[in-house]
Structure formats: C-alpha cells, structure tokens
Amino acid sequence: MSIQQEKIKELVERRAQAKLGGGQARIDAQHAKGKLTARERLELLLDEGSFEEFDQFVQHRCSDFGMDKSHIDGDGVVCGRGTIDSRQVYVFAQDFTVNGGSLSKTMSEKICKVMDMAVRNGAPIIGLNDSGGARIQEGIDALAGYGEIFERNILASGVVPQISGIFGPCAGGAVYSPALTDFTLMVDKTSYMFLTGPSVVKSVTGESVDQETLGGSSVHATKSGVAALSAPSEQQGIEDIKKLLSFLPQNNMEDSPLRPTSDPINRTDDALNDIIPDNPNKAYDMYGVIRSIVDDGDFFEIHKDFAQNIIVGFAHMGGRSVGVVANQPRVIGGCLDINASRKAARFVRFCDAFNIPLVTLVDVPGFLCGTHQEYGAIISNGAKLLYAYGEATVPKVTVTLRKSYGGAHIVMSCKQLRGDVNYAWPSANFAVMGADGAVEIVYGKQIKAETDPVKAAELREQKKQEYNDLFCNPYQAAKKGYIEDIIEPRNTRFRVIRALESLKGKHQEIPAKKHDNLPL
Ligand code: HXC
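Think of each chain on its own: its residues are numbered from 1, step by step along the sequence as written. Totals for whole chains, interfaces and linings use all residues, but because this is a predicted model, local features are given only for residues with pLDDT of at least 70 and pairs of side-chain atoms are given and counted only at 80 or more. With hydrogens and water set aside, each side-chain value is computed from the structure's full complement of heavy atoms.

Draft legend 1. Spotlight on empty space enclosed by the protein. Cavity means a closed set of points on a 1 Å grid over the protein atoms alone, one where a 1.4 Å probe fits but cannot get out, pocket means an open set with protein on both sides within 12 Å along at least 5 of 7 lines, and lining means a residue has an atom within 4 Å of a point. Grid points are joined across faces, edges and corners, and a volume is the space filled by probe spheres set on the points. On inspection of all chains with the given rule, the structure shows three cavities of 30 Å³ or more. Looking at the largest cavity, its volume works out to about 80 Å³. If you go around the largest cavity, the residues you meet are Phe92, Gln94, Leu103, Ile111, Asn129, Ser131, Tyr146, Ile149, Cys170, Ala174, Ser177 and Pro178. For the lining of the largest cavity, the secondary-structure elements that each account for two or more residues are strand S3 (87-94), strand S4 (125-131), helix H5 (140-156) and helix H6 (176-180). Residue polarity is assigned by list, with Asp, Glu, Lys and Arg as charged and Ala, Val, Leu, Ile, Met, Phe, Trp, Tyr, Cys and Pro as nonpolar; anything else, Gly included, falls into the polar class. Among the residues making up the lining of the largest cavity, the classes are represented as eight nonpolar, four polar and no charged. Segments assigned H or I by DSSP are reported as helices when at least four residues long, segments assigned E as strands when at least two residues long, and all are numbered from the N terminus.

Shown next as structure tokens:
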C-alpha cells in the first residue's frame, strides 16, 4: 500500500469512527429510548446524498475533570449543509451519544459556523436539539458558547428562517436558542423543554412533577405555546419540518417558491353560501372555510392545539404561499384573548418578515373580558396583534364573514391598519359591539324605567331590532368605503386570489428607525 493509500485508509477509518459518535452501545441505548441518532435524523431530513458535513474532526479543548482523556471526533454535534426538495439548508444535529449532547465551547463554534454560513448564503438553518445543556465540565466556556449561539439567533432573525426540532431533552438556558428561532417542533413523549428539571424544581419549590408534566410537548404545544408544532414521532416531526419549509422563502430577500396546482383558481364552493347559521350565536367551523378556499384544501397549521380560538397557518392560493389568520367561532365564540393575540401576532410578524402575503378571515365578537384577562395584560397582548398587522407591509387581504366588533374589528387587518383589499360576505356586520350589549348601554335606563315588564321586554326587542337593522349588514361599511366589496361566499377563493394577484407588485415603506418598540 502506498503512503497516499495508507493516508486515505486512515481518513476512511477515522470517518467511520466519527460516525459512531459515542459508540454502538450508546447508539443502542438511544434506540432503546425510541429515539433516532443525530445522523439518522439528518438522513431523513435531507435529500438523499446531499449532506456535506463540516468539522467532523473537531474535538473539545477541555482538560478539567479528566476530559483530556476523552476525545470523540465531532464532539457531540453533526453540522453541515444539504438540500431539502433541492433547496439548500444548513443544519446541526446534537448527538446525545457524546456526553449527552452537552454543549462544549468547540461544539458551539461548530454550530455558529453553520449559522454564519446560512446567513451569508441566504439559506434556512435547522437545528435538531438533543442535549443535556451546557457541558458541566467546561463551566463558563460552555456558557459563553450558548451566548454566541444566541447572538447569532438574534442577528439571523428575520433574515433567514430558523427552525428548531426538539428531539430529546432541552434543559436550562439551552431552551433559549429554540425560543429565539421562528418555529419550535417537539416530539410527543421523547422531548422536553424546561429551565430546570424536576429534581431542581423539587428542591427549590417543593413541587413534585415529572418531566412530561413539566415540559413535555403536551405542555408546550397546548399551554405555554412555546412549541409551534408537535409530532407523534421523530419521523413525522422531520416530515413536518420539510413541509413547513415548502411554504417559506430561503431568506427575507426572496419570495416563497410557487407550487403548481391543478386546483382551478376560479373554483367556487356553493357550500360556503350556507355555512353561516341563522342564529348569530351559533358556531360553525372555520376550518371548513379555510380548506374550501386554499389550493387542494391543503392547510398546514401552526400552533394547532394552542389558543384554538384563532387559527394560523400556511397554505397556497393560486400556487402562491400565504399565511392564513382566522377567528374560530367554535372556541369561545372566536373572541380574542391573551394567548390568541400572542399567537397570531407572532405569526403575522413572521409572514411579514419573509414576504408571505396575509389572508385574514374575520368572525370576531370582540376581546375576551374579565379580571383574568385584564390581570394577564390583555391590553399589552392585544396591542401586539394590533401592532403586528399595523406594521406589516406584505399584501393583506381580509374577508369578514360575520361579526367584526369593537377593538377586535380594528385589530383583525381592517382597512385603517393598511389592509389592502377588504371584502365582506353579505352576513357580515361591523359594529362597536353586538346588539345585546349595545341596547343595554344606550337604552338600559329607559328599559328599566318601564314598570310593565312586558312593555320593557318589547322595548328591548324593538331597540335590538333597530340596532340590528342598522348595523347587522355590511352596507354601512361599504357605503363609507371601509370595505372594497361585498362578495358572495361561494366566490371567496377566486376573489381572494385575484386580490393577491393584484398586490404582487406592492411596495410600502415604513419610517426609518433603529428598530420598533413592539409592546412586549
Ligand atoms: C456533561 C452531561 C450533561 C451535561 C448529560 N451528560 N448532561 N455531561 N454536561 N450537561 C452526560 C451524562 O453524564 C452521561 O454521561 C450522558 O451524558 C447521558 O446522560 P444520562 O444522565 O445518563 O442520560 P438520561 O438519563 O437520559 O438523562 C438525560 C438528562 C440528564 C435529563 C439530560 O443527563 C440531565 O439532567 N442532565 C443535566 C441537565 C442540566 O441541568 N444541564 C445544565 C443546564 S444549565 P455518561 O458518561 O455517564 O454516560 C444550562 C445553562 C445554559 O444549560 C446557559 C445558557 C444561557
């Protein structure tokens, strides 16, 4: 064997060794927990043969606590670039088989390198997290590593899409890198996110809680809203990440890819003409409307199980990617509350940052009231959504299906918040509030003064009727130019797509500023 051949053999052997990470026994242990390895995940995520690994031979530089005797090539994270549906992405996947995927300084340097490349080359960054957090043996160096990653998350925000998959534990300050990214996906039963684990919680607060109850996907996908997506398995989670990417542009200077469709642009749907119940207090399912108007009925929902009174997600309309925001009358009547406002505001801001037009479907009776909401700062949280819509310069098409009352009317992409094309169905009504509340406030004293209860009831009904006659239709708004047109529900898909087409060349500036001061 020539010297060159020997060197090539060494390279092949070292590569094979590096690919084993912490060794076969630890890989088996990972599988026994129902988890894939970092490399298996990347194999599922990236187009076949597209992965190019960087820094496979990097080793940690720690010599404390006997770490100088334990070096594994790659040091607990697999980094590189590849393609998904032939579009370039940068990736890092933490390898739990190496020191529990814990973050060393060199590991952070590897991650920062691919993040820098992603921003320089205008491609999304996907991080697959499976880590015990800062590598304890490295102390401040490990913490510094996190700081450097966070800084890059912040600088990349709004420049390239950042997606975090949580595929194992994610403990301590480590949760803040995913929290700084655009979308966090968790896997049911095998992934956890918390600032401190159950044992620390027990010692500090005395509370006994297991990992799942403290920070499993069931918590973050339903209660906290930290996880935008949750999946029943790692395989499904990876498919979801790929699907999510299909709606997004590569960076903030590009548009999302077109998706050709055989679904006719002018497809009408007669069922929509019958979807609004006669009783204004009766609910209907907004998903039916969304699926009816988007291409092929294909809707990719974000935050599906969190704040279900508002629906947000991606779809295509006429082949173009759009962000859909819709009130859901089936859940607390579609009222806006703290969580719904936070959820939708974040989504609207993402779409605006990445040139994705917004389609808003409105049926909102108002903001949820009461002490719980006030004490939780519904004022500041509602303002987030108001702010997000007001600052958004992407094309905005709004369709009001039924109620559009009070502050919630203004928030939901109304004309004055720079809605570009605002339509209403004939069932729409725009008012400060519904008839019941309005009549009590305006005629309450007069009604109370009526000593005959039958006459009092008649007066109440008469005033409600007058109010409804005046406001329970879209013509007041149409008369004043607050909506562009009243459209037949069956034509909604066609009218929205045509509006979006007309807005393709939209360009709107906001005043120069260092940055805004969103009401956080
Ligand atoms: C060094 C670590 C480690 C860590 C795990 N390991 N976490 N090594 N630093 N942070 C090692 C273990 O010693 C073990 O090595 C191997 O990884 C596997 O860990 P196990 O405990 O055997 O696995 P498991 O039972 O599955 O438990 C996983 C775990 C647990 C839940 C993640 O290891 C754990 O609680 N780790 C500590 C979590 C934590 O509190 N991290 C610090 C957070 S503070 P051997 O060789 O024995 O197999 C933080 C600050 C960030 O991250 C600050 C940013 C601002």
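So that's the structure; there's more coming.
Draft legend 2. The arrangement of unusual backbone geometry in detail. Although it is not a glycine, Asp75 adopts a positive phi angle of roughly 50 degrees. Here Asp75 shows up in the loop between strand S1 (52-54) and strand S2 (77-84). Here Asp75 falls in the buried class, since its relative accessible area comes to 1%. Residues other than glycine seldom take positive phi values, yet Ala377 does so here, at roughly 70 degrees. Per-residue accessibility, obtained with a 1.4 Å probe over protein chains only, is compared with the maximum for each type, and a residue is labelled buried under 20%, exposed over 50%, and partly exposed between these values.

Draft legend 3. Region of interest: the site of the ligand. Whether a residue is near a molecule or strand depends on its heavy atoms: if one lies within 4 Å, it is near. Taken together, 20 residues lie around the ligand, and Arg26, Gly100, Gly132, Ala134 and Ile136 are the ones closest in. Whenever two N or O atoms come within 3.5 Å, that pair is a polar contact, provided that in protein one can donate a hydrogen and the other can accept it, and provided that, for residues adjacent in sequence, both atoms are side-chain atoms. One nitrogen or oxygen atom from the main chain of Gly132 is found 2.6 Å from a nitrogen atom belonging to the ligand. A 1.4 Å probe and the Shrake-Rupley method give the accessible areas. Residues count as covered only by the protein chains that appear here. Contact with the protein chains covers 55% of the free accessible surface of the ligand, which is 1000 Å². Taken together, the elements giving at least two residues each to the shell around the ligand come down to H5 and strand S5 (162-171). By residue number, the principal contributor to the shell around the ligand is H5, which donates three residues. The class makeup of the residues in the shell around the ligand is nine nonpolar, eight polar and three charged.

Draft legend 4. Spatial organisation of the packing of helix H4 (residues 105-121) against H5. Axes here refer to lines fitted to C-alpha atoms; in helices the fit is confined to the stretch in contact. Angles between the N-to-C directions go from 0 to 180 degrees. One can describe the packing of H4 onto H5 by two numbers: an axis separation of 8 Å at closest approach and a directional angle of 10 degrees. It follows from the interaxial angle that H4 and H5 lie roughly parallel. Residues Lys105, Ser108, Ile111, Cys112, Met115, Asp116 and Val119 of H4 form the contact with H5, whose participating residues are Asp141, Ala144, Gly145, Glu148, Ile149, Arg152, Asn153 and Ala156. Looking at the contact of H4 with H5 residue by residue, the classes come out as seven nonpolar, three polar and five charged. Any angle between 65 and 115 degrees counts as roughly perpendicular, while under 35 counts as roughly parallel, over 145 as roughly antiparallel, and the rest as oblique. Here, residues are in contact when the closest pair of their heavy atoms is within 4.5 Å.

Draft legend 5. Region of the structure containing the pattern of salt bridges. Here a salt bridge means any side-chain nitrogen of Lys or Arg lying within 4 Å of a carboxyl oxygen belonging to Asp or Glu. The tally for this structure, following the rule as stated, stands at 35 salt bridges. As a salt-bridge pair, Glu148 and Lys105 come within 3.3 Å of each other at their nearest N and O atoms. In this pair, Glu148 sits in helix H5 while Lys105 sits in helix H4, placing the two residues 43 residues apart along the sequence. Of the residues examined, Glu148 reaches a relative accessible area of 28% and is grouped as partly exposed. For Lys105, a relative accessible area of 16% translates into the label buried. The shortest N-O distance in the salt bridge between Arg402 and Asp363 comes to 2.9 Å. Remark: Asp363 occurs in strand S12 (residues 358-364) and Arg402 occurs in strand S13 (residues 396-405); sequence separation between them is 39 residues. Asp363 gets classed as buried once you look at its relative accessible area, which sits at 1%. If you follow the salt bridges from partner to partner, you end up with Lys35, Arg41, Asp130 and Glu234 in one network.

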